[in-house]
Structures are given as C-alpha cells and as structure tokens.
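Reading the structure
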Amino acid sequence: MYANILMSTDGSDVARKGVEHGIALAKALNAKATVITVTEALPVDYGGGVAGGWVPTPEEFARFDAAAKEGAGKVLAEARAMAGQIGISAEFLHVPNAYPATAIIDTAKARGCDLIVMASHGRRGLRKLLLGSQTSQVLADGSVPVLVVW
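What you see is a predicted model, and the numbers here were worked out from it, not measured in a lab.

What the chain contains, in helices and strands, is four helices and five strands. Beginning at the N terminus, the succession of helices and strands in the chain can be written as β-α-β-α-β-α-β-α-β. The 150 residues of the chain split such that 39% are buried. In the chain, the proportion of contacts linking residues at least 24 apart, taken out of those at least 6 apart, comes to 71%. Carbon and sulfur atoms make up 57% of the accessible area of the chain, which amounts to about 8,200 Å² in all.

Laid out in structure tokens, this is it:
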C-alpha cells in the first residue's frame, strides 16, 4: 500500500502522536520511514514595520541558527528513540531556514514518498485549535496523500 512514509514533527505533543502513528504504520507495512523537522529562518524587518526595522548582526544569525539546530536535534533524537522502541530504522532530517509546509512537500517529492503523516496542528497560537496552518497548506498544495493524526 505505502512503501515510503514521511513524518513531520515540530516536537509538540500532537506531532509526537503523529510520529508514533507513522512509525507504527511504517513497521506494519514494512515501509521506508523518514522523519523531518523544519526550522524557519530568523524573521528580519528591513524597515517596513512600525519600529523602523531590525536587521540582526552576523552573530545573532549564528546564535539563532545554532539554537534552531540544537532544538531540531532534540526533536529528532526523540523520534529516533521512538523508532528504536518500535524496532524500525528510519532516516532523520533537519531542514533549516525553510517554510515548514514547503519543505515537507519538497522533501516528499524529492524522496519519492507516497504518504505524509503529520499532526492536525502544531504550536501556532490560536490557530492550533483548528487544523494547523502547515497541515492545511500541505493538504492544499501537495500532491502526496496526507494522513492527519489528531
């Protein structure tokens, strides 16, 4: 049925459920499994805002990138532990400085995935009460089937 499953996570509780479900599904189907986490770029205001703009220094960019890499490492380590407990091998990817929905769609296409498993919502404020904005965009813009886990 599905031979190559991509799971996305931002480290939230609901995303963790999605990864658990995707890993279990991959094991049941003997499918290839990939877990992805995406970190967005540091937001920069080049002057269009009320405060007259803010452009980070190279050191601030470096600190932001290091923190994003560290956070992604923790998220992927947790997913790696889940895969180990269930007894499957998987690939684990961090895509830095990218818009999550776009990176998920592009990764699924590039890796030939035939299913994306993702949570119904992540950590995006009041929108987390509805279908998440990243999930909605993957559903709307992607060409790969999506299994949404609540």
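On to the pattern of salt bridges, then. This structure, assessed with the given rule, holds five salt bridges. Of the charged contacts, one joins R16 and D13 as a salt bridge, the two residues approaching to 2.5 Å between their closest N and O atoms. Of this pair, R16 and D13 both sit in helix 1 (residues 13–29), three residues apart, which is roughly one turn of the helix. With a closest N to O distance of 3.4 Å, K32 and E91 form a salt bridge. On the criterion of sequence distance, the pair formed by K32 in strand 2 (residues 32–38) and E91 in strand 3 (residues 91–95) is long-range, its members being 59 residues apart. The class of K32 is partly exposed, set by a relative accessible area of 40%. Taken together, the shared-partner salt bridges connect D13, R16 and E78 into one network.

With that settled, consider helix 4 (residues 133–141). Of all the positions in helix 4, only S133, Q134, T135 and V138 are classed as buried. Along its buried surface, helix 4 packs onto helix 3 (100–110), strand 4 (115–119) and strand 5 (146–149).

Bringing the sheet that holds strand 3 into the picture now. The pairing of strands in a sheet comes from backbone hydrogen bonds and takes either a parallel or an antiparallel form. Spatially, the five strands line up as an open sheet ordered 3-2-1-4-5, and their pairing is parallel. Of all strands in the sheet, those bounded by a partner on one side alone are strand 3 and strand 5. Each neighbouring strand pair of the sheet contributes to a mean axis angle of 20°, computed without reference to strand direction. Pairing between strand 1 (residues 4–8) and strand 4: three bridges, direction parallel. Pairing of L6 across the sheet is with I116, part of strand 4. Taken strand by strand, helix 4 contacts strand 4 and strand 5, and its axis lies near 160° from that of strand 4.

Viewed as axis vectors pointing N to C, helix 1 and helix 2 (residues 58–86) meet at an angle of 35°, and their least axial separation amounts to 10 Å. Read as a crossing pair, helix 1 and helix 2 show a hand that is right-handed. Residues R16, V19, E20, I23, A24 and K27 of helix 1 lie in contact with helix 2, whose contacting residues are E78, A79, M82, A83 and I86. Residue composition of the contact of helix 1 with helix 2, grouped by class: seven nonpolar, no polar and four charged.

Calculation criteria
Residues numbered from 1 in each chain as written. Predicted model: local features only at pLDDT ≥ 70, side-chain atom pairs only at ≥ 80, totals over all residues. Heavy atoms only, no water. Helix = DSSP H or I, 4+ residues; strand = E, 2+ residues; numbered from the N terminus. Buried < 20%, exposed > 50% of the residue type's maximum accessible area, 1.4 Å probe, protein only. Contact = heavy atoms within 4.5 Å. Areas by Shrake-Rupley, 256 points an atom, 1.4 Å probe, with all protein chains shown as cover. Salt bridge = Lys/Arg side-chain N within 4 Å of Asp/Glu carboxyl O. Pairing = 2+ DSSP bridges. Axes fitted to C-alpha atoms, helices over the stretch in contact; angles between N-to-C directions. Left-handed = near helix turned anticlockwise from the far one by under 90°. Nonpolar A, V, L, I, M, F, W, Y, C, P; charged D, E, K, R; others polar.

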